[in-house]
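Next come the chains, spelled out residue by residue.
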Amino acid sequence: MEPEAPFRGQVFTVTAITLAVKQMMEGVFRDIFVEGEVSNLTSSAQGHFYFNLKDREAILAAVMFKWDARKYSLELQDGVQVRVWGSLSVYPKSGKYQIVVKKVEALAKGNLYLEFEKLKQKLEKEGLFAPEHKKEIPAYPQRIGVVTSPTGAAVRDILSVLKRRSPHLEIIIAPTLVQGDEAAPQIAQAIADLNNFTPALDVILVGRGGGSMEDLWAFNEEVVARAIFASNIPVISCVGHEVDFTIADFVADLRAPTPSAAAELVVQNSQNTVAHIAGLQKRMLQAVSLFYERFKNRLDLAVNSRILKNPTELTQNKEQEVDELCTRLTTAWEAKITQFSHRFDVARQKLHALGPQAVLKRGYSITRKQDGTVISRVAQTAPGETIYVQVQDGMIHTEVK
């Protein structure tokens, strides 16, 4: 016999039924302990913590308000196994039931966290994270591959940024699952397929939007890590939000905090170059405009100048100056010639008065030896020697006695 249903056929409002469930749940599940693994941890601007407690079969939402969180030094993080104390409640606005945590203590690392650390250490020892294996991201890529879900928010964000910033880019989408057991092998195969794409791609973006550690787990699988490492094309990982880290992030050539940020990184240099060219173009136009204005002003002044309107005015003054200079030069030259002629006559007269002929005319004579040497002393002659005496009108030959 079925138990009696006391509310059978009764009509409730959504608020009434939610409040009834809330009161019943808070009355029954009060001051209880729950053990589970922390996942999908977030904090609000006010300092409240929101997370999930999970085990192999189920997930329970949890909230810990800041006034309770301040009492504990434990740093909540995904993958930590905890025991919490609190009461079940219902948040009416979403109709979601949750445990309001008052106390929390760590038990051990969760299974997923341990698997993550184990694989991370293994791949790190093999050198898959080493900087020397990182390939340089091309500054100006032309063809970009994207490995993600074709229906997720990540692909929309990536395409939106790339088409807005660099609409000329060629984008190849390799659609895959990004969650679940089949996701990891599909992601690995998509990376391999893009490496064989013709013409060759310049860079590959691999990622998805945010989620819990379980949601992002495909990017922690070894097969994905090795596919990224084996890629001949540089790979940018963009998994989840900024606080999310996966094995793929450590292996990739570059990690972007979000899919949108990955798209921004890809076109960053192109945008900077475009901005630089635009700046140069603006400066060039300003320089041309300034030159034109200056030239136009000078042309206007020239066109309206008195000289250009009556060009003979520019030369007539010079012509007159030339005439004046020629007159002054002629007068000066004639004066110089007269002066030089007078000085020449004076000099000539002096020279003539001092010359030997003038002396001879005054009754003097010049006596020379046979070789022409002038005799000025008796001692220069010898008896019997012929000497020559020059007078005004001739030469006298005589013998010394």
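The sections below set out a description of the structure shown in this document.

### Let's talk about the pairing of strand E12 (residues 386–391)
Here's step 1: Two strands pair when backbone bridges link them, and strand E11 (residues 366–368) and E12 are joined in this way by three bridges, in the antiparallel orientation. Its bridge partner being in E12, Ile366 is matched across the sheet by Gln390.
Here's step 2: By the bridge criterion, six bridges tie E12 to strand E13 (residues 394–399) in an arrangement that is antiparallel. Looking at E13, one finds that Tyr388 is bridged to His397.
Here's step 3: In this antiparallel pair of consecutive strands, E12 and E13, the connection spans two residues.

### Let's talk about the layout of surface pockets
Here's step 1: The calculated volume of the largest pocket comes to roughly 500 Å³.
Here's step 2: Among the elements of the structure, strand E1 (32–43) and helix H3 (111–126) are those that each provide at least two residues to the lining of the largest pocket.
Here's step 3: Taken together, the residues that form the lining of the largest pocket break down as seven nonpolar, eight polar and three charged.
Here's step 4: The computed volume of the second largest pocket comes to approximately 280 Å³.
Here's step 5: Lining the second largest pocket, in full, are Glu37, Lys54, Asp55, Arg56, Ala58, Ile59, Gln81, Asn111, Leu112, Glu115 and Glu214.

### Some thoughts on unusual backbone geometry
Here's step 1: The amide bond that connects Thr198 to the next residue, Pro199, takes the cis arrangement and shows omega of 0°.
Here's step 2: The residue Pro199 is located in the loop between helix H5 (183–195) and strand E8 (203–208) in this model.
Here's step 3: For Asp31, which is not a glycine, the phi torsion comes out positive at approximately 55°.
Here's step 4: Within the element layout of this structure, Asp31 appears in the loop between helix H1 (14–28) and E1.
Here's step 5: Residue Asp31 is classed as partly exposed on the basis of its relative accessible area of 43%.
Here's step 6: We note that Asn40 has phi near 55°; this positive angle belongs to a residue other than glycine.
Here's step 7: Note that Asn40 resides in strand E1.

### What to know about empty space enclosed by the protein
Here's step 1: Scanning the model with the defined rule gives one cavity of 30 Å³ or more in all.
Here's step 2: Within this model, the largest cavity holds a volume of roughly 40 Å³.
Here's step 3: Lining the largest cavity are Leu128, His133, Lys134, Lys135, Ile228, Phe229, Val251 and Asp253.
Here's step 4: Tallied by class, the residues present in the lining of the largest cavity amount to four nonpolar, one polar and three charged.

Calculation criteria
- Residues numbered from 1 in each chain as written.
- Predicted model: local features only at pLDDT ≥ 70, side-chain atom pairs only at ≥ 80, totals over all residues.
- Heavy atoms only, no water.
- Pairing = 2+ DSSP bridges.
- Helix = DSSP H or I, 4+ residues; strand = E, 2+ residues; numbered from the N terminus.
- 1 Å grid on protein atoms, 1.4 Å probe; cavity = no way out; pocket = protein on both sides within 12 Å on 5 of 7 lines; lining within 4 Å.
- Points joined across faces, edges and corners; volume = space filled by probe spheres on them.
- Nonpolar A, V, L, I, M, F, W, Y, C, P; charged D, E, K, R; others polar.
- Buried < 20%, exposed > 50% of the residue type's maximum accessible area, 1.4 Å probe, protein only.

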